[in-house]
Structure formats: C-alpha cells, structure tokens
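Reading the structure
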Amino acid sequence: AINHAIDMGLIIEVVYAGQGVRAVSPISPTVWGANPDIEGYDYDPELAKDLLAEAGYPDGFTTSIWTNSNPLRMQAAEIIQADLANVGIDVEVQIMEWGPYLNETAAGKHDMFILGWTTVTADADYGLYPLFHSSQYGNAGNRTFWSTPRTDYLLEAGRTNSDPEERLAAYYEAQEIIAEEAPWIFMRAPINVDGVRFNISGFTPH
C-alpha cells in the first residue's frame, strides 16, 4: 500500500533533478543479477487505500519516518509524508544526527527510515545478502529486520554456487520474493553524471 501511495516519479524529478530511475527491486538494473522482469509498484493512491482497508486500516494509521540531515533525503521525506497523508497515513518526519541515526536504526528502534546502499562489487550478492539475510540483522546491513527461510536459502545458494546460470536463478527468485513482500519502499537507482572537457576523448565511466 505504501509503495503504491508514493509518487516516486515526482521525487526523482523534483528532489533529484531527474538523476535516477524508479527502483523496482533492491538492486540497480546495471548490477549483475538484477531481475529485468520485475514490474514494480505504480503510483496508485486509490489502490493504496483499498490495500490499507484490506489490511485492517481503513482509516490509516500513525507512524514516523527517520532520516539524517541530508537535505535531499529531508525533501524526499516531506513528499512521502504528504503522499501518505493523502491515503490516511499520518507520518511524523524525524531528522537525526548521523551517528545516532545509524545506531538507532541498527537497533531496530524505527518505524521507517531513508538510507542508501551501493552495490560496489556490481554483483547481486553484495546488493542482497547484507540487506536481506537473517544473519545480517542490524548493524551488518539488514536494518528492516526482514527475512524468510526461502530468501535465506537463495542468497546462500547465490554466494556459494560457481555456476552463473544457477546463481542468476537464485537471485531472480530472491528479488521476486522481496518485491512481493515489500519490506522496502523502492525509491530510485541513481544515474551518475560525468562532466568531460572538450579536449578529452575515449573516456568511459566505470
């Protein structure tokens, strides 16, 4: 319901000046192992209201969203707050200093929070295992404290199997489960912008 309630396209255009694509799963489409068949959540406030009613919250509920003092995240939080208010969810935005923010989210004291992750290895293992395996709760990376036995199995299979096709199958299924269960609000995969001087040729971004 929350994924459907938020106009992520607006956030990308207004807050991030169009520098990004709507995320449909936890890893960027440029990462090896990203599932290209996941459709993601459309902006649909009416559907969000229906799903809230089905879940037993026809009048919404009260919650909070934490962020650190990053100005872009603060702006995104304000838009999220307004969008969720439109479907009956009353959200308090709390701005925290970086140290306490990391400590408190690692301890699971939040309702919702905004944070980013870069899959620096460009392999699905680093974009999924630390964030969704049950052994990684808290400071290790899984600050949503969400996991399932099946995703644990798939993420373990993906990092221990040497067959690329079998690894892909494991990561594709894991992303399907994560997208369906939606422990995250899927925001954006950023686009890097590089400025190149007129007399430079042959530059290829990594």
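So, here's what we can say about the structure. (Residues numbered from 1 in each chain as written. Predicted model: local features only at pLDDT ≥ 70, side-chain atom pairs only at ≥ 80, totals over all residues. Heavy atoms only, no water.)

Once that is clear, we can look at the environment of Arg 143. Following the sequence through the fold, Arg 143 ends up in the loop between α6 (124-132) and α7 (149-160). By relative accessible area, Arg 143 is classed as buried at 9%. A sequence separation of 52 residues divides Arg 143 from Val 91, and the C-alpha atoms of the two residues are 20 Å apart. When near neighbours in sequence (up to four residues on either side) are disregarded, Arg 143 contacts Leu 102, Thr 105, Ala 106, His 110, Phe 113, Leu 115 and Gly 138. Side-chain polar atoms of Arg 143 contact the backbone oxygen of Leu 102, separated by 2.7 Å. In terms of polar contacts, Arg 143 uses its side chain to reach the side chain of Asn 139, at 3.4 Å. (Helix = DSSP H or I, 4+ residues; strand = E, 2+ residues; numbered from the N terminus. Buried < 20%, exposed > 50% of the residue type's maximum accessible area, 1.4 Å probe, protein only. Contact = heavy atoms within 4.5 Å. Polar contact = N/O pair within 3.5 Å; in protein donor to acceptor, adjacent residues only side chain to side chain.)

What follows covers the nonpolar core. Counting 23 residues, the largest nonpolar core has Ile 11, Ile 80, Leu 84 and Ile 114 as its most contacted members. When contributions to this core are tallied by element, the ones reaching two or more residues are α2 (8-14), α3 (45-54), β2 (62-68), α4 (71-85) and β3 (90-96). Among residues more than four places away in sequence, those in contact with Ile 11 are Ile 6, Tyr 16, Ala 76, Ile 79 and Ile 80. If you look at the next biggest cluster of nonpolar residues, it comprises 19 residues, including Ala 23, Tyr 41, Leu 154 and Tyr 171. (Core = buried A, V, L, I, M, F, W, Y, C linked by side-chain atoms within 4.5 Å.)

This part takes up the packing of aromatic side chains. Across all of its chains, the model carries eight aromatic pairs by this definition. Joined through ring pairs, the aromatic side chains of Tyr 41, Phe 132, Trp 146, Trp 184 and Phe 186 make up one cluster. Over the face of the ring belonging to Tyr 129 we find Arg 159, whose NZ or CZ atom lies 3.6 Å from the ring centre. Its end group placed over the ring of Tyr 16, Arg 188 keeps NZ or CZ at 3.7 Å from the ring centre. (Phe/Tyr/Trp six-rings, centres within 6.5 Å; stacked < 30°, edge-to-face > 60°. Lys NZ or Arg CZ within 6 Å of the ring centre and 35° of its normal.)

Because each turn of an α-helix spans 3.6 residues, side chains separated by three or four positions end up pointing in the same direction. Over its 12 residues, α7 runs 17 Å from end to end, which matches the ideal 16 Å to within 8%, given 1.5 Å per residue. Listing the buried residues of α7 in full gives Thr 151, Asp 152, Leu 154, Leu 155 and Gly 158. Down the axis of α7, the buried side of the element spans an arc of 170°, and every buried residue falls inside it. Exposed positions of α7 whose direction lies more than 90 degrees from the buried face are Pro 149 and Thr 160. Considering only its buried residues, α7 is in contact with α6 and α8 (164-181). (Expected span 1.5 Å × (residues − 1). Arc of directions from axis to C-beta.)

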